[in-house]
Amino acid sequence: MAAAGASVISQANMTKTTAEPVRPLANFPPSAWGDMFLSFSLDNSVMEGYAKSMEEPKEQVRRSILDPRMDSNKKLNLIYSVHRLGLTYMFLKEIEGQLDKLFKHFKLEDYVEVDLHTTSINFQAFRHLGYKLPCDVFNKFKDDDSNAFKESISRDVRGLLGLYESAQLRLKGERILDDASVFAETKLKSLVDTVEGNLGQQVKQSLKRPFHQGMPMVEARLYFSNYQEECLAHDSLLKLAKLHFNYLQLQQKEELRIVSKWWKDMRFQETTPYIRDRVPEIYLWILGLYFEPKYSLARIIATKITLFLVVLDDTYDAYATIEEIRLLTDAINRWDISAMSQIPEYIRPFYKILLDEYAELEKKLAKEGRANSVIASKEAFQDIARGYLEEAEWTNSGYVASFPEYMKNGLITSAYNVISKSALVGMGEIVSKDALAWYESHPKILQASELISRLQDDVMTYLFERERGQSATGVDAYIKTYAVSEKDAIDELKKMIENAWKDINEGCLKPREVSMDLLAPILNLARMIDVVYRYDDGFTFPGKTLKEYITLLFVGPLPSM
């Protein structure tokens, strides 16, 4: 979201009047949705009907997962489909029990006769669920003499697709998977226009965005549409997936209605009309972190806090003067209603709502003995205000920071820390003191996800930022510090992003430092950054990817029953 500046500055807005200071207004595109989601009305009896209807197919899928007669390749295929459909959370204990057994008995020689597609599915099933199956299972697909992948697999489209998706799960030092990624991508790109039907759709989707870098809810819907044949072996799985989508859509549309009404009631569009109006987009972003029904409250809380962040970001970046930014930063650091008199009148309603919402949250969670997570979110909010001020001071003085200096502040202003801490607030008992202490220790997986959050944004938005006279982008800082060309700087930043993904993959493998429930939002926040910024600044100009995703999940028809 840090690309608040990713819009072309309007020269008309720069004309100075005696009454009003010069403001760097940004003419952000209006919301594509208006009040569309305010009119939704939830029928609880329909939702309860879906929940009840899920019980039978859920039991059948559970029995299939536990079936001792099922061949191990078929079982791994089933587990993989369950995972791709976003149903793992329903069967986690059963799946881990089965994978424990299969992983314990893993022998490389068992894979000698196994084809590339099956090998890839098995590899992904294990790795996605945290088991470090060796990448050596792919050695037999390489030529002993040249050490290159055999040309004979170039015609195996399903195998190549599996190899490409497997390569996204690579760790540092797994050279065979580095090679596999390049090889499979090159071959698939040369084949994509000749492959028809569902397989053609699968290849297109994977090349556009591999599953591992996608938004889980959207990926589940796309898997349902594009991999029908793979799921046909298990009727109960298809039935469960359909009911699950229907159930989730009702719950999520109600959550979206709640945050849309709150936003409207708070009158931000009237008091701060210069900001980006992006309620469905922010809700979608948070939904990307966790879609499970039990995190409903967490999504609502995290969406509200992230919307506060949009107001703050756009105020600093696209409206306030440097003097106003200094005053507002001081007020946010003081976090006291008495500071309201020192800040400009236009931002006072926001400041009051911010303090009130956090006070309400703290009071509510204190009753459950869990106010610590609210305090961590508030402190992260204060950190980002200081970070935004630093960037504003650089821009104001025309200073281009060195790359290390830029990254130190840039990891704060990427908004990552605020969003990831705020995501914990409503997650319940799982966010213990120990869990928060682990977060505060800034583990490697968190650092990697933060780095992706910062640099993926920068690589996509630096040209817009330059047009607006913003000096603080990672690309410019890298060029200045290491005296390289723009192309070399971007290539280097992309390599850093690729390595960060490897660290995330490593951090999700067993034995884990904390539960996967706590790791999932970290992994998923990196995924959402990829979704928003891989092809364009999809947040400031949400006409492509985010519009497609919102339509798919909340507007378009569901899979027919």
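Reading the values: rules and limits
Residues numbered from 1 in each chain as written. Predicted model: local features only at pLDDT ≥ 70, side-chain atom pairs only at ≥ 80, totals over all residues. Heavy atoms only, no water. Helix = DSSP H or I, 4+ residues; strand = E, 2+ residues; numbered from the N terminus. Buried < 20%, exposed > 50% of the residue type's maximum accessible area, 1.4 Å probe, protein only. Contact = heavy atoms within 4.5 Å. Polar contact = N/O pair within 3.5 Å; in protein donor to acceptor, adjacent residues only side chain to side chain. Lys, Arg positive; Asp, Glu negative; His and termini not counted. Salt bridge = Lys/Arg side-chain N within 4 Å of Asp/Glu carboxyl O. UniProt positions renumbered as here; feature names shortened; annotations may be inferred. Axes fitted to C-alpha atoms, helices over the stretch in contact; angles between N-to-C directions. Parallel < 35°, antiparallel > 145°, perpendicular 65-115°, else oblique. Left-handed = near helix turned anticlockwise from the far one by under 90°.

Draft legend 1. Representation of the side chain of Gln-249 in the model. Following the sequence through the fold, Gln-249 ends up in helix α10 (residues 235-266). On the accessibility criterion, Gln-249 (9% relative accessible area) is buried. Discounting chain neighbours no more than four positions away, the residues touching Gln-249 are Leu-553, Phe-554, Gly-556 and Leu-558.

Draft legend 2. Representation of the environment of Arg-534. Among the secondary structure elements, Arg-534 is positioned in the loop between α23 (516-533) and α24 (545-555). Note on Arg-534: relative accessible area 23%, which makes it partly exposed. Arg-534 sits 326 residues away from Lys-208 along the chain, and the two C-alpha atoms are 9.5 Å apart. For Arg-534, the side chain forms a polar contact with the main-chain oxygen of Lys-208, separated by 3.3 Å.

Draft legend 3. Structural detail: the side chain of Asp-277. Looking at the secondary structure, you find Asp-277 in the loop between α11 (268-271) and α12 (279-287). Buried charge Asp-277 goes without a salt bridge, the closest partner of opposite sign being Arg-278 at 6.2 Å. Of the polar contacts made by the side chain of Asp-277, one reaches the side chain of Trp-263; its length is 3.1 Å. Here Asp-277 is in contact with Ser-31, Trp-263 and Gln-269, once residues within four sequence places are set aside.

Draft legend 4. Structural view of the UniProt feature "domain: Terpene synthase N-terminal" (unreviewed entry) in the protein. Feature annotation in UniProt places "domain: Terpene synthase N-terminal" (unreviewed entry) on residues 33-207, given in this structure's numbering. Regarding residues 33-207, the helix share stands at 58% and the strand share at 0%, and the terminal C-alpha atoms are separated by 29 Å.

Draft legend 5. Fine view of the environment of Ile-529. Looking at the secondary structure, you find Ile-529 in helix α23. Residue class for Ile-529 comes out buried when judged on its relative accessible area of 2%. For the pair Ile-529 and Ala-448, spaced 81 residues apart in sequence, the C-alpha to C-alpha distance is 12 Å. Leaving out residues up to four positions away in the same chain, Ile-529 has contacts with Trp-285, Ile-452, Ser-453, Gln-456 and Arg-534.

Draft legend 6. View of the packing of helix α5 (residues 157-167) against helix α6 (residues 175-191). Contact geometry of α5 with α6 gives a least axis separation of 8 Å together with a crossing angle of 140°. Our classification of the angle between α5 and α6 gives oblique. Considering only the axes of α5 and α6, their crossing is left-handed. Across the interface between the two elements, Val-157, Leu-160, Leu-161, Leu-163, Tyr-164, Ser-166 and Ala-167 of α5 pack against Leu-177, Ala-180, Ser-181, Phe-183, Ala-184, Glu-185, Lys-187, Leu-188 and Leu-191 of α6.

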